[in-house]
Structures are given as structure tokens and as C-alpha cells.
Amino acid sequence: MYARVVAKFYAAVATKRCSIACLGASRRAIHQSPSNRNDRDSERNTTHFGFQTVYEDEKEVKVAEVFHNVANKYDLMNDAMSFGIHRLWKDTFVRQLNLQSGLNIVDVGGGTGKVNQRVKNSMDKNTQENIPNCAISVIDINQSMLDVGKTRGKELGYQGDIKWIKGDAENLPVKDSSADLVTAAFAIRNVTNIRKAISEAYRILTPGGRFSVLEFSHVTNPYLKSLYDTYSFEMIPVMGEIIAEDWKSYQYLVESIRQFPTQSEFADMFKQAGFRFVRFQNLTFGTVAIHSGFKI
Ligand SMILES: C[S@@+](CC[C@H](N)C(=O)[O-])C[C@H]1O[C@@H](n2cnc3c(N)ncnc32)[C@H](O)[C@@H]1O
């Protein structure tokens, strides 16, 4: 078994070694324009997809492709890449939501439902009883991720307790001022226009409501950063190839993390969207951070 895994590892490295060699090139690609650009294209806005510069409308398609490709192996890969630590991050994230009964909760980019399942199992902060009467809506742009989440939810007995809605974080299919809590775990990094997604969360929250985001962030210690960079760029795409047979999606993952705003830049975006009492908390040396703010 061990020999087979090692063989697969070396085969993946060998067949994809050009990806490592091309890493420098792809890092440089951030400064390049999309190909086949013509005059009409010059009016289109660009953004980044990992280290590539792409048109905004292209990013949505590429991100959709990533999550469609990885949907079935998504949870397994999360365990492998983070050595299971993502479970602790999600536990901490849900714990600091201070949940209580009767909330209307919207989980943006909820994917396979790992955060909202934890919400479902949480206790009321006052009564320490289960919080049966919270309304939870998972909104995700990708039907494949929602389908995996729905199936897992059914297996766990959450059928009917969670609404699974296909929708865009930048244009949420939710009424103004109707949600008490909006959560987003590892989702905001993937949206095309981060500011628009933050404003949408603001729009749908009731006054007093809270927006809480768990997202990959930036390790500040230079020694740890160098270790983390080596691990991410050299191991994660290889693991992606071995486990999910998808190098490219995991190359995108590690690149997209580097493109995401720093902790304080992201906190500023919250403030600029109107959120108050904005704060962030680093977990695992800033590998991920929890940002939250209130609509007052
Ligand atoms: C890394 S997964 C996170 C899933 C889940 N929140 C978790 O923590 O396991 C990111 C999710 O964001 C979704 N997503 C990406 N862009 C989106 C958008 N514009 N609107 C809504 N969901 C989006 C993807 O389809 C994917 O399911």
C-alpha cells in the first residue's frame, strides 16, 4: 500500500514536473494580460485567477470548473492537505458565532456543508440546548458542490433542515435586511469581486446582524512563511493529483491564497462596506483568519 502511494507520488511529480518548473512563469503571469485581447476587450475589467490575469467573466467560469472537478474529493482533500486541522478551524469558527435559537443564517459558498452541519449541531449560548429552530440557507454558485452537500446532509439526517440554494455571493437571492447571521468559509477568496460580496452580506443582514468569514490568510512570520510556501507550492498540487487527479485546481488553490488581501486589508474592506466593530483573529499563525463585523 505504502509502496503504491509512493509510486503514485513520484509518478505525479514526474508527469507534472513542468508545472513546478512553470511556477515562476505562472507567478509572473499575474502581470500579463489575457491572451487574444482586442479593442473591445480593453473595456472589460480584469481580475486574477490564481497567478493568472483573466477577464472578470472568465474567472467565474474557471472557478466553477475547479469546484465542479473537485466536488467529490473536496472533503477528503481538505483532510489530507491540512492534516485534519481544517476541522479545528471550522469548529473554532462556529464556536465564535455565539449561536442562539431562532436565527436566520445564510452560509455563502457553503459548498459541501461542513460549516452548516456544525452550526446545526451547535448549542444555544444561553440554554446550552441544541438550536433546532434556526433557519439555515446554504447558497453556492456550484451545483456539484451543493449536490455533494445535500447527499451528505441526507446521510446525516439533516434532510429538510437546510435549504440548498444555487446563487452568487455577488448577487444573493435573499431579501434586504432578512438574515441575522451571514457566514462564509473559504468561499470569498473565490468570488470575482470581493467588495461586492461583502456589500451583499451587508445588504441582506438585519441591523445588529453579523458577517463572519473564515478564509485562508497570510502567515506573517518569515521563517514559517517560507516553510508554508514550500509545502503549499510543492506538495499540495501533487496531493491534488494523487487524491483528486487534479493538479490544476490545487495549483489554483495555493495561488489564490497568495492573491487574497492581507488580514488588515480585508478588515478595511469590511469597514468600507459599512460594517462596524470589525475585528479579525489569526488561527495557526495566520494560515487562516476569522474576520467579523456587525451591521449597526
Ligand atoms: C473552498 S469551497 C468552501 C466550501 C465550504 N464553505 C467549506 O468550508 O467547506 C468554496 C465554495 O465557494 C463557492 N463559490 C465560489 N464562488 C462563488 C460565488 N461567486 N458565489 C457563491 N459561491 C461561490 C464554490 O462553489 C465552493 O463551493
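Residues numbered from 1 in each chain as written. Predicted model: local features only at pLDDT ≥ 70, side-chain atom pairs only at ≥ 80, totals over all residues. Heavy atoms only, no water.

A. Molecular detail of the packing of aromatic side chains. Taken as a whole and assessed by the stated rule, the structure comprises 13 aromatic pairs. Among the aromatic residues, those joined into a cluster by ring pairs are Tyr-202, Phe-211, Phe-260, Phe-266, Phe-270 and Phe-275. (Phe/Tyr/Trp six-rings, centres within 6.5 Å; stacked < 30°, edge-to-face > 60°.)

B. How the structure looks around the site of the ligand. Around the ligand sit 19 residues, and of these Gly-109, Asp-140, Asp-168, Ala-169 and Ala-185 come closest. Between Tyr-74 and the ligand, the recorded distance is 3.2 Å, taken from a side-chain N or O atom to an oxygen atom. At 2.9 Å, a side-chain N or O of Asp-168 approaches a nitrogen atom of the ligand. Calculation on the ligand without its partners gives an accessible area of 600 Å², and the protein chains cover 97% of this total. Residues of the shell around the ligand, tallied by class, amount to 10 nonpolar, 6 polar and 3 charged. (Near = heavy atom within 4 Å. Polar contact = N/O pair within 3.5 Å; in protein donor to acceptor, adjacent residues only side chain to side chain. Areas by Shrake-Rupley, 256 points an atom, 1.4 Å probe, with all protein chains shown as cover. Nonpolar A, V, L, I, M, F, W, Y, C, P; charged D, E, K, R; others polar.)

C. Layout of the nonpolar core. In this structure, Met-81, Leu-99, Ile-105, Val-119, Leu-214, Phe-216 and Tyr-250 are the most contacted members of the largest nonpolar core, which totals 48 residues. With 6 residues, helix 10 (residues 222–244) is the single largest residue contributor to this core. Composition of this core by domain shows at least three residues from each of domain 1 (2–72 + 221–257) and domain 2 (87–218 + 265–294). One finds Val-213, Phe-260, Phe-266 and Val-278 within the second-largest nonpolar core, a separate group that totals 27 residues. (Core = buried A, V, L, I, M, F, W, Y, C linked by side-chain atoms within 4.5 Å. Buried < 20%, exposed > 50% of the residue type's maximum accessible area, 1.4 Å probe, protein only. Helix = DSSP H or I, 4+ residues; strand = E, 2+ residues; numbered from the N terminus. Domains from an automatic or database assignment.)

D. Structural context of helix 8 (residues 143–155). The first and last C-alpha atoms of helix 8 sit 18 Å apart over 13 residues, in line with the 18 Å expected at 1.5 Å per residue. By the burial criterion, the buried members of helix 8 are Ser-144, Met-145, Leu-146, Val-148, Gly-149 and Gly-153. On the buried face of helix 8, the contacting elements are helix 4 (56–70), helix 5 (74–82), helix 7 (114–120), strand 4 (135–140) and strand 5 (162–166). You can read the cap of helix 8 off the contacts: a side-chain oxygen lies 2.9 Å from the backbone nitrogen of Ser-144, and it is on Asn-142. Of the residues one or two after helix 8, Gly-157 is the one with positive phi, at around 85°. (Expected span 1.5 Å × (residues − 1). Contact = heavy atoms within 4.5 Å.)

E. Expanded view of the side chain of Lys-295. As for its position among the elements, Lys-295 is in the segment after strand 9 (288–294). Buried charge Lys-295 goes without a salt bridge, the closest partner of opposite sign being Asp-176 at 7.4 Å. One polar contact links the side chain of Lys-295 to the main-chain carbonyl oxygen of Leu-205, over a distance of 2.7 Å. Residue contacts for Lys-295: discarding those within four places in its chain leaves Ser-177, Tyr-202, Arg-203, Leu-205, Thr-206, Pro-207, Gly-208, Gly-209 and Phe-275. (Lys, Arg positive; Asp, Glu negative; His and termini not counted. Salt bridge = Lys/Arg side-chain N within 4 Å of Asp/Glu carboxyl O.)

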